[in-house]
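Residues per chain, in single letters:
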Number of protein chains: 2
Amino acid sequence: MMGRPRVVIVGAGFGGLACARKLAGKPVEVAVIDRNNYHLFTPLLYQVASSLLNPSDIAQPVRAIFRGKRNVRFVRGEVLGVDFERRTVRLEGGAEEPYDRLVLAVGSTTNFFGVSGAEEGALGLKDLGEALELRNHVLGVLERATQAQDAGERERLLTFVVVGGGPTGVEYAGALSELLKLVVPREYPELEGVSWRIVLVEGLPRLLNAFPEKLSEEARRELVKKGVEVRLGTRVTAAAEEHVQLDGAEPIGAGTLVWAAGVRPSGLAGTLDVGRSRSGRIEVDAALRVRRRDGVYAIGDVASFVQDEREVPMLSAPAMQQGRHAAANILRELAGERARRFRYRDKGSMATIGRNDAVAQVGRLQLTGFPGWVAWLVVHLYYLIGFRNRLVVLMGWAWNYVRLDRPVRIIARAGEGGGTREKARGP
Amino acid sequence: MMGRPRVVIVGAGFGGLACARKLAGKPVEVAVIDRNNYHLFTPLLYQVASSLLNPSDIAQPVRAIFRGKRNVRFVRGEVLGVDFERRTVRLEGGAEEPYDRLVLAVGSTTNFFGVSGAEEGALGLKDLGEALELRNHVLGVLERATQAQDAGERERLLTFVVVGGGPTGVEYAGALSELLKLVVPREYPELEGVSWRIVLVEGLPRLLNAFPEKLSEEARRELVKKGVEVRLGTRVTAAAEEHVQLDGAEPIGAGTLVWAAGVRPSGLAGTLDVGRSRSGRIEVDAALRVRRRDGVYAIGDVASFVQDEREVPMLSAPAMQQGRHAAANILRELAGERARRFRYRDKGSMATIGRNDAVAQVGRLQLTGFPGWVAWLVVHLYYLIGFRNRLVVLMGWAWNYVRLDRPVRIIARAGEGGGTREKARGP
């Protein structure tokens, strides 16, 4: 008997996962490759960074997702390259995965736009490691502020600059202000009477540029109410260890610089011999196939899919739609049919500004405040389905909603704590 | 008005915390110093290491514990030394904490007993960083085993050596066998038909040496039933990257070496100018006061308190009793009364061997199996009181009990994941 066609999916994000789910139980052998052993529900990452959720609340092992799906295999590894002639994916360590169809779904990474000092000094908010690092950092800054010898240093430590007025920056700034408001007065008596400062910096003239203007303004107003300074039409020009430089303003002394200004396609996209758009994304045809590369699809943030003369945005919704579409096209091709054109259906956008406050746009419907928050909650819980721990997440939310608490305020790090060091024994 | 007497407590473990709790609301100013911002419920650490609990389930911020207690202050920092003449504690970074009474409660750390290679190659299970490192390591080893090129390498990767037959070693070996039994057959189809191996090594002729002999034998029998190889009267003589050497036996190829063979007093104990017992613990008098050092107490693992011609063991129960006693003695002294002698009351010991199986000895009562497990559960939940998240812990247990699941199986690490690196910006 001939082996069944092999489909290799690189990346277990929203796109790759949607694709693999659609191929589960179909007459193909699927291998999902990711450097992490989990799928990450990135829309809630800012809640890990702001001490509200545990990592495992939003990270689900890929193997658990495909438990019982005998035609889907997980491979933990770092992809170094693709040999398009031999139809083989090369992994770190020398292993290879041959494919009949390849789906590139490697996603994106924080884009520092070459701002001097940013890559070294700023904290990202794009993966779980970054979120934990940011949580540890902010809690550490509060501790240091309680021990600061002079008022100027304390003020600097309690200044948080968030760069980027998209959903991530807006949501994190709102969550950070709630964390500080809830925790500082109750647990940091040393900081009584000392005020903190959160500055949200956005280069465009409004926040949430992808949203209707009314919602942008609503988000700005709500953040200001929460004590966030919103600076629109302003760019960060340099970041040093102790201060942040904005264009046309004096430097801001800051203990924390959070970089949520944008993303760029993951490193692998730049090393493959494929066509790329100006934004660095891999050019695909109307059916999501990589041009000039037989049997290769690209989806999600890493793919440059043009619709109505614009690239589809780097968001989870188009990635999931493309993942399912690529899977369907692969099955069509293998059945001797023709691949179909993809069309992205924008079902709306939403962003939380804080506890029981969000902006949401669904079709022509625009919601703000509590109704917006309920809409946000329903959608996010719906998409957490498949996460067995959504019940825990929901209970955790309810609990903390009632208690006004932020339970996960521990500064922890694997391999650190009691004076231990890195282990020689891998991995 | 004269300032109230200052009590400085170094260490927020069981001893330090019990002491500070007793002093809350009393006419003293208390400073609790710890390098971590949380108190750790170490008896459940092995459950974090075996993917059952999240770090925040067993780690509670010290500030949260003393919320509203206006006379207790938290200082996050590393203590470098004590100037007994000037009655001042020196912290890393140059800060100082003056005291009228000092309580040394710095606890203990993993003891590698100078075994060659152990400190570099073995994984400890004594603090949160070590537990997370061990969790990541074991999950990583399983992934590597699925990709191993030859059977010998796969066998080595799936061999786990646990050194130390005390409660930590026994509980972790049992929990690890359950993790492997639950997860491997369901989620690692690549390892179908491949067997894993857990070897528990103990130098003494029986497990759980502090327990009655009958319970030791019961624990051994139950572990063997769970597939754990128990080697009594055996010592590890050397550890290399790929194998472990036992005395009088051929080397065991192993991908994991867990070191739970014992603890020794924390580093600070060895650098202070105080009397020390042969085990390195600080010598104290009958009232828990450090000899020759006015106003200084030592409690818990770091203190050598001799009762019935033996040092009181390094366990949480005596540490808590001593913490409360030291607090009472400090209050007595400050009130012009005499400090009283301490006496440790052994209320029993218990250890879980797995889901619904434990051994417990309470006074003359000896419990095994399910009754033992219920006793264990009741006691541990009781001591988790003060942890607001005990409800979450309980629900998590119940949930996983029903689902036979291990939810926290993600390989995560602050500052790692998407190819980010360490940040220059401290802390």
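Residues numbered from 1 in each chain as written. Chains lettered and ligands numbered in written order. Predicted model: local features only at pLDDT ≥ 70, side-chain atom pairs only at ≥ 80, totals over all residues. Heavy atoms only, no water.

*Asks:* Please set out the sheet that holds strand 13 (residues 228–231) of chain B residue by residue, giving values where relevant.
*Replies:* What holds strands together in a sheet is hydrogen bonding between their backbones, with the strands either parallel or antiparallel. All names here are of chain B. In spatial order, the strands read 13-12-11-17; together these four strands make up an open sheet with parallel pairing. Strand pairing shows two members of the sheet lacking a second neighbour, strand 13 and strand 17 (256–259), which therefore form its edges. Recorded for the sheet is a direction-independent mean angle of 20° between the axes of neighbouring strands. Alignment of strand 12 (residues 197–201) against strand 13, held across four bridges, turns out to be parallel. What sits directly across from Val201, in strand 13, is Arg231. In the packing of helix 8 (residues 167–187) onto the sheet, the strands contacted are strand 11 (159–163), strand 12, strand 13 and strand 17, and the crossing angle to strand 12 comes to about 175°. Helix-sheet contacts for helix 9 (residues 213–225) involve strand 12 and strand 13, and the interaxial angle to strand 13 is about 140°. (Pairing = 2+ DSSP bridges. Helix = DSSP H or I, 4+ residues; strand = E, 2+ residues; numbered from the N terminus. Axes fitted to C-alpha atoms, helices over the stretch in contact; angles between N-to-C directions. Contact = heavy atoms within 4.5 Å.)

*Asks:* Quick one: what's the story with the pairing of strand 25 (residues 357–362) of chain B, residue by residue and with numbers?
*Replies:* Residue and element names in this part refer to chain B. When you tally the buried positions in strand 25, you get five out of six residues, the bulk of the element. As defined by bridge partners, strand 24 (residues 349–354) adjoins strand 25 across five bridges and the pair is classed as antiparallel. The partner of Thr352 across the bridge, within strand 25, is Ala358. Counting the residues in the hairpin turn of strand 24 and strand 25 gives two residues, including Asn356, whose phi is positive at 45°. Linking strand 25 to strand 26 (residues 365–367), which pair antiparallel, is a turn of two residues; within it Gly363 sits at a positive phi near 60°. (Buried < 20%, exposed > 50% of the residue type's maximum accessible area, 1.4 Å probe, protein only.)

*Asks:* Please provide a residue-by-residue account of the sheet that holds strand 8 (residues 96–98) of chain A, values included.
*Replies:* Residue and element names in this part refer to chain A. Spatially, the three strands line up as an open sheet ordered 6-7-8, and their pairing is antiparallel. Two strands lie at the open edges of the sheet, namely strand 6 (79–83) and strand 8, each paired on one side alone. Across the sheet, the mean angle separating the axes of adjacent strands is 20° when strand polarity is ignored.

*Asks:* How would you explain unusual backbone geometry if you had to name every residue and give the values?
*Replies:* One non-glycine residue, Arg292 of chain A, lies in positive phi territory at about 70°. Structurally, Arg292 of chain A can be placed in the loop between strand 19 (282–283) and strand 20 (296–298). Positive phi, normally seen in glycine, also occurs at Arg87 of chain B, with a value near 50°. Along the polypeptide, Arg87 of chain B turns up in the loop between strand 6 (79–83) and strand 7 (88–91).

*Asks:* Give a detailed account of the pairing of strand 7 (residues 88–91) of chain A, specifying residues and quantitative values.
*Replies:* Residues and elements named next belong to chain A. Relative to strand 7, strand 6 is paired through four bridges, and the arrangement is antiparallel. By the bridge assignment, Gly81 is partnered in strand 7 with Arg90. Where strand 6 hands over to strand 7, the hairpin turn is made up of four residues, of which Arg87 adopts a positive phi near 50°. Judged from the three bridges that link them, strand 7 and strand 8 form a sheet pairing that is antiparallel. Directly across from Val89, in strand 8, lies its bridge partner Glu97. Count of turn residues in the strand 7/strand 8 antiparallel hairpin: four residues, of which Gly93 carries a positive phi of about 95°.

*Asks:* Describe the pattern of salt bridges, naming the residues involved and giving the relevant values.
*Replies:* Counted according to the given criterion, the structure contains 48 salt bridges over all chains. One salt bridge connects Arg156 of chain A with Glu153 of chain A, and the closest N-O pair in it is separated by 3.3 Å. With Arg156 of chain A and Glu153 of chain A both in helix 7 (residues 151–157), this residue pair falls three residues apart, about one helical turn. Assessed through its relative accessible area of 11%, Arg156 of chain A is described here as buried. Overall, Glu153 of chain A belongs to the partly exposed group, its relative accessible area being 25%. Between Arg67 of chain B and Glu187 of chain A there is a salt bridge whose closest N-O contact spans 2.6 Å. Here Arg67 of chain B, found in the loop between helix 4 (62–65) and strand 5 (72–76), pairs with Glu187 of chain A, found in helix 8 (residues 167–187), and the two come from separate chains. Among the residues examined, Glu187 of chain A registers a relative accessible area of 3% and is labelled buried. Each of the salt bridges in this network shares a partner with another, and the network as a whole consists of Arg101, Asp285, Arg289 and Glu333 of chain A. (Salt bridge = Lys/Arg side-chain N within 4 Å of Asp/Glu carboxyl O.)

*Asks:* Could you give me a rundown of a nonpolar patch on the surface, with the residues and numbers involved?
*Replies:* On the surface, Phe370, Val374 and Val378 of chain A cluster together to form a nonpolar patch covering roughly 260 Å² of accessible area. Within the secondary structure, Val374 of chain A is located in helix 12 (residues 369–383). (Patch = residues over 30% accessible without salt bridge, like charges linked within 9 Å, V, L, I, M, F, W, Y side chains within 5 Å. Areas by Shrake-Rupley, 256 points an atom, 1.4 Å probe, with all protein chains shown as cover.)

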